[in-house]
Amino acid sequence: DDSGVLAFHVGHNCLVVANLHPHESYPFYKVGSERAGRYELVLDTDAAQFGGWGRIDPTVTTPETEGGPCDWQGTGVPLYLPSRSAQIYRLCEEWDAPEVGL
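Thresholds applied
The numbers attached to residues start from 1 for each chain and follow its sequence in the written order. Local features in this predicted model are restricted to residues of pLDDT 70 or higher, and side-chain atom pairs are both shown and tallied only at a pLDDT of 80 or more, whereas totals for entire chains, interfaces and linings draw on every residue. Hydrogens and water are ignored here; the side-chain numbers use all heavy atoms of the structure. We define a salt bridge as a side-chain nitrogen of Lys or Arg found within 4 Å of a carboxyl oxygen belonging to Asp or Glu. Here a strand is any run of E in DSSP of at least two residues, a helix any run of H or I of at least four, and the numbering for each starts at the N terminus. Using a 1.4 Å probe on the protein chains alone, a residue whose accessible area is under 20% of its type maximum counts as buried, one over 50% counts as exposed, and one in between counts as partly exposed. Here, patches come from residues exposed beyond 30% relative accessible area and free of salt bridges, joined within 9 Å for like charges and within 5 Å for nonpolar side chains (Val, Leu, Ile, Met, Phe, Trp, Tyr). Under the convention used here, a 1.4 Å probe and the Shrake-Rupley method define accessible areas, while residue burial counts only the protein chains that appear. Whether two aromatic rings pair depends on their centres lying within 6.5 Å, for rings of Phe, Tyr and Trp, where Trp uses its six-membered ring; planes under 30 degrees apart make the pair stacked, over 60 edge-to-face, and the rest tilted. Among buried residues, those of type Ala, Val, Leu, Ile, Met, Phe, Trp, Tyr and Cys that are joined through side-chain atoms within 4.5 Å constitute a nonpolar core. Note on contacts: a residue pair is in contact if any heavy atoms of the two residues lie within 4.5 Å. We treat two strands as partners when DSSP finds at least two bridges between them. With axes taken as lines fitted to C-alpha atoms, and helix axes fitted only over the stretch in contact, angles between N-to-C directions fall between 0 and 180 degrees.

A. Representation of the pattern of salt bridges within the structure. Applying the stated criterion to the full structure yields five salt bridges. Between Glu40 and Arg90 there is a salt bridge; the shortest N-O distance is 2.3 Å. Of this pair, Glu40 sits in strand S4 (residues 36–44) while Arg90 is found in strand S6 (residues 85–95), placing the two residues 50 residues apart along the sequence. Residue classification places Glu40 among the partly exposed positions, given a relative accessible area of 28%. Ionic pairing is found between Arg55 and Asp46, a salt bridge with its closest N-O pair at 2.9 Å. Given the relative accessible area of 29%, Arg55 is considered partly exposed. It is possible to trace a salt-bridge network through shared partners that takes in Arg38, Glu64 and Glu93.

Here it is in structure tokens:
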């Protein structure tokens, strides 16, 4: 697709997301996850301390998975993805993924 987004899991509790689009930010981009729960921001390349714009406030950003399957995974987590940035999230609280009827 043309979104310019790369997302992948490292181990069982780390999610890496990069928005490489030159000017499109995505306020509610849902990324698939096998594990349901709450995520905390560990690293943000857009943070002011790294010379970025600081568009994500880590003190209020704790995204949670929601709904059924997403991207061939058990559930999905909606994230704000600023353009030209990458983030690393850690699963800090895990719960059962929602049951999906066939």
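B. Representation of unusual backbone geometry within the structure. The residue Asp71 is not glycine, and still its phi comes out positive at about 55°. Note that Asp71 resides in the loop between S4 and strand S5 (75–81). In this structure, Arg84 takes a positive phi of about 55° despite not being glycine. Mapped onto the elements, Arg84 comes out in the loop between S5 and S6.

C. Local environment of a nonpolar patch on the surface. A cluster of nonpolar side chains, namely Val42, Leu43 and Phe50, defines an oily patch on the protein surface of about 280 Å² accessible area. Mapping Val42 onto the fold places it in strand S4.

D. Spatial organisation of the packing of aromatic side chains. Enumeration over the complete set of coordinates arrives at one aromatic pair. Ring centres 5.5 Å apart and planes at 55° place the aromatic pair Tyr26 and Tyr29 in the tilted group.

E. Looking closely at the nonpolar core. Core analysis: the largest hydrophobic core is formed by 13 residues, its most contacted members being Leu15, Val17, Tyr39, Val77, Leu79, Leu81 and Tyr89. With three residues, the single largest contributor to this core is S5. The contact partners of Tyr89, leaving out residues within four places of it in the chain, are Asn13, Cys14, Leu15, Tyr39, Glu40, Leu41, Val42, Ile56, Thr61, Pro63, Leu79 and Tyr80.

F. The sheet that holds S4, seen in detail. Taking strand neighbours across the sheet as the criterion, the four strands line up as S1-S2-S6-S4 in an open arrangement whose pairing is antiparallel. Edge strands, defined here as strands with exactly one partner in the open sheet, are strand S1 (5–10) and S4. If you compare each strand with its neighbour and ignore which way they point, the axes differ by 25° on average. Across six bridges, the pairing between S1 and strand S2 (residues 14–19) is antiparallel. Pairing of Val10 across the sheet is with Cys14, part of S2.

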